[in-house]
Amino acid sequence: VQLVESGGGVVQPGRSLRLSCAASGFTFSTYAMSWVRQAPGKGLEWVSVVYSPPGSTYYTASVKGRFTTSRDNSKNMLYLQMDSLSPEDTAVYYCVACFDWLSRDFWGQGTLVTVSS
Amino acid sequence: DIQMTQSPSTLSASVGDRVSIACRASHDIRNELVWYQQKPGKAPKRLIYGASSLQSGVPSRFSGSGSGTEFTLTISSLQPEDFATYYCQQHKNFPWTFGQGTKVEIK
């Protein structure tokens, strides 16, 4: 199983960024896919999840309306479109695959997003 | 939102010690709680699911207990590789939420 995040970097406040997560080694379409972030030196914060099917999405309050999680099962890809970024969004963003809460989950290595002018 | 509160925030212990970390939920989450271990620079690793079930491959010195609003992670005999930060997470309601973490340090 491999999850590889990409798309992180330095971005100015108010701008947008799109993260991607390439999945391999498991049946991607059967897993719920989440984003979890961790600000530097801080704890874990769950960001969002997208189910498949039917593609239902849920978000934490601080990103609702600004972030959009989507997936492309034909490409085994997970995305996080982040708009109206603020310095508080600075964090390592992890992609997480979860079949169910009884089975182990899988995490990527994370990608760092820095929001700074 | 369901708030998850861990205590203590930091725990100093020695190899061989028995240690316990508490996690309290602001609302009843039944047993819909997992525990993670995170080492510096690494992704978290799930240890416990369903509040008390050991994830496959996790050493038996780890155990979880509790239901409703009060939960505990116990390490029966602390090993050098157990020095890390531990998080509880509830998945009863959206948004899923983590505790703030408990760092287990070498005494």
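For the structure, check the block above.
Since the model is a prediction, treat every value here as computed from it, not as a measurement.

K.L.:
Please provide a residue-by-residue account of the overall build of chain A, values included.
P.N.:
The helix and strand inventory of chain A stands at 0 helices and 11 strands. Starting at the N terminus and walking to the C terminus, you meet the elements of chain A as β-β-β-β-β-β-β-β-β-β-β. Here chain A has a C-alpha radius of gyration of 13 Å; the compact-globule value for 117 residues is 13 Å, and the two agree. Relative to its full complement of 117 residues, chain A shows a buried share of 48%. The contacts in chain A between residues at least 6 apart in sequence include a share of 53% that link residues at least 24 apart. For chain A, the accessible area works out to roughly 5300 Å², and carbon and sulfur atoms hold 51% of it.

K.L.:
Provide a residue-level description of the interface of chain A and chain B, including the pertinent values.
P.N.:
Listed per partner, the contact involves 23 residues of chain A and 17 residues of chain B. Across the chain A/chain B interface, buried area totals approximately 1700 Å², and carbon plus sulfur atoms make up 65% of it. When the area that chain A buries against chain B is broken down by residue, the three leading residues are Leu44(A), Trp46(A) and Trp101(A), summing to 45%. Scanning the region where chain A abuts chain B turns up 1 salt bridge.

K.L.:
Just give me the short version of the environment of Ser48(A), but keep the residues and values in it.
P.N.:
All names here are of chain A. Following the sequence through the fold, Ser48 ends up in strand S5 (residues 44-50). Given the relative accessible area of 0%, Ser48 is considered buried. As a C-alpha pair, Ser48 and Val4 span 44 residues in sequence and 17 Å in three-dimensional space. Apart from the residues within four sequence positions on either side, Ser48 is in contact with Met33, Ser34, Trp35, Tyr58, Tyr59, Thr69 and Leu80. Only 2.6 Å separates the side chain of Ser48 from the side chain of Thr69, close enough to count as a polar contact.

K.L.:
An account of the sheet that holds strand S1 (residues 2-6) of chain A is needed here, citing residue identities and associated values.
P.N.:
Residue and element names in this part refer to chain A. Here we have 4 strands laid out as an open sheet, ordered S1-S3-S8-S7, and antiparallel in their pairing. Both edges of this open sheet fall to S1 and strand S7 (67-72), since each of them pairs with a single strand only. Within this sheet the neighbouring strands show an average axis-to-axis angle of 15°, counted without direction. The pairing of S7 with strand S8 (residues 77-82) spans 6 bridges and is classified as antiparallel.

K.L.:
If you had to explain the side chain of Glu32(B) to someone new, which residues and values would you point to?
P.N.:
All names here are of chain B. Tracing the chain through its elements places Glu32 in the loop between strand S3 (19-25) and strand S4 (33-38). For Glu32, a relative accessible area of 16% corresponds to the buried category. Here Arg30 takes part through its side chain, which lies 2.5 Å from a polar atom of the side chain of Glu32. Ignoring any residue separated from it by four or fewer positions in sequence, one finds Glu32 in contact with Gln89, Gln90, His91 and Lys92.

K.L.:
Tell me about the sheet that holds S3(B), residues and numbers included.
P.N.:
Strands in a sheet are paired, the pairing made by backbone hydrogen bonds, and the direction either parallel or antiparallel. Residues and elements named next belong to chain B. One open sheet holds the 4 strands; their spatial order is S1-S3-S8-S7, and the pairing between them is antiparallel. With partners counted over all chains shown, the strands left at the sheet margins are strand S1 (4-7) and strand S7 (62-67), one partner each. Adjacent strand axes in the sheet meet at a mean angle of 20° when their direction is disregarded. Where S1 lies against S3, 4 bridges are found, and the strand directions are antiparallel. Counted as the bridge partner of Met4 is Ala25 from S3.

K.L.:
Which residues make up the pattern of salt bridges, and what values do they have?
P.N.:
Enumeration over the complete set of coordinates arrives at 9 salt bridges over all chains. A salt bridge links Asp89(A) to Arg37(A), with the shortest nitrogen-to-oxygen separation between them at 2.9 Å. Of this pair, Asp89(A) sits in the loop between S8 and strand S9 (91-98) while Arg37(A) sits in strand S4 (residues 32-38), placing them 52 residues apart in sequence. Per residue, the accessibility class of Asp89(A) equals that of Arg37(A), and both read buried. In this structure, the salt-bridge partner of Arg46(B) is Asp105(A), at a minimum N-O distance of 3.3 Å. Linking Arg46(B) in strand S5 (residues 45-49) with Asp105(A) in the loop between S9 and strand S10 (106-107), this pair reaches from one chain into another.

Criteria and cut-off values
Residues numbered from 1 in each chain as written. Chains lettered and ligands numbered in written order. Predicted model: local features only at pLDDT ≥ 70, side-chain atom pairs only at ≥ 80, totals over all residues. Heavy atoms only, no water. Helix = DSSP H or I, 4+ residues; strand = E, 2+ residues; numbered from the N terminus. Rg over C-alpha atoms; globule rule 2.2 N^0.38 Å. Buried < 20%, exposed > 50% of the residue type's maximum accessible area, 1.4 Å probe, protein only. Contact = heavy atoms within 4.5 Å. Areas by Shrake-Rupley, 256 points an atom, 1.4 Å probe, with all protein chains shown as cover. Buried area = accessible area lost by both parts, 1.4 Å probe. Salt bridge = Lys/Arg side-chain N within 4 Å of Asp/Glu carboxyl O. Polar contact = N/O pair within 3.5 Å; in protein donor to acceptor, adjacent residues only side chain to side chain. Pairing = 2+ DSSP bridges. Axes fitted to C-alpha atoms, helices over the stretch in contact; angles between N-to-C directions.

Spatial relationships are all this shows, so hold off on functional conclusions.
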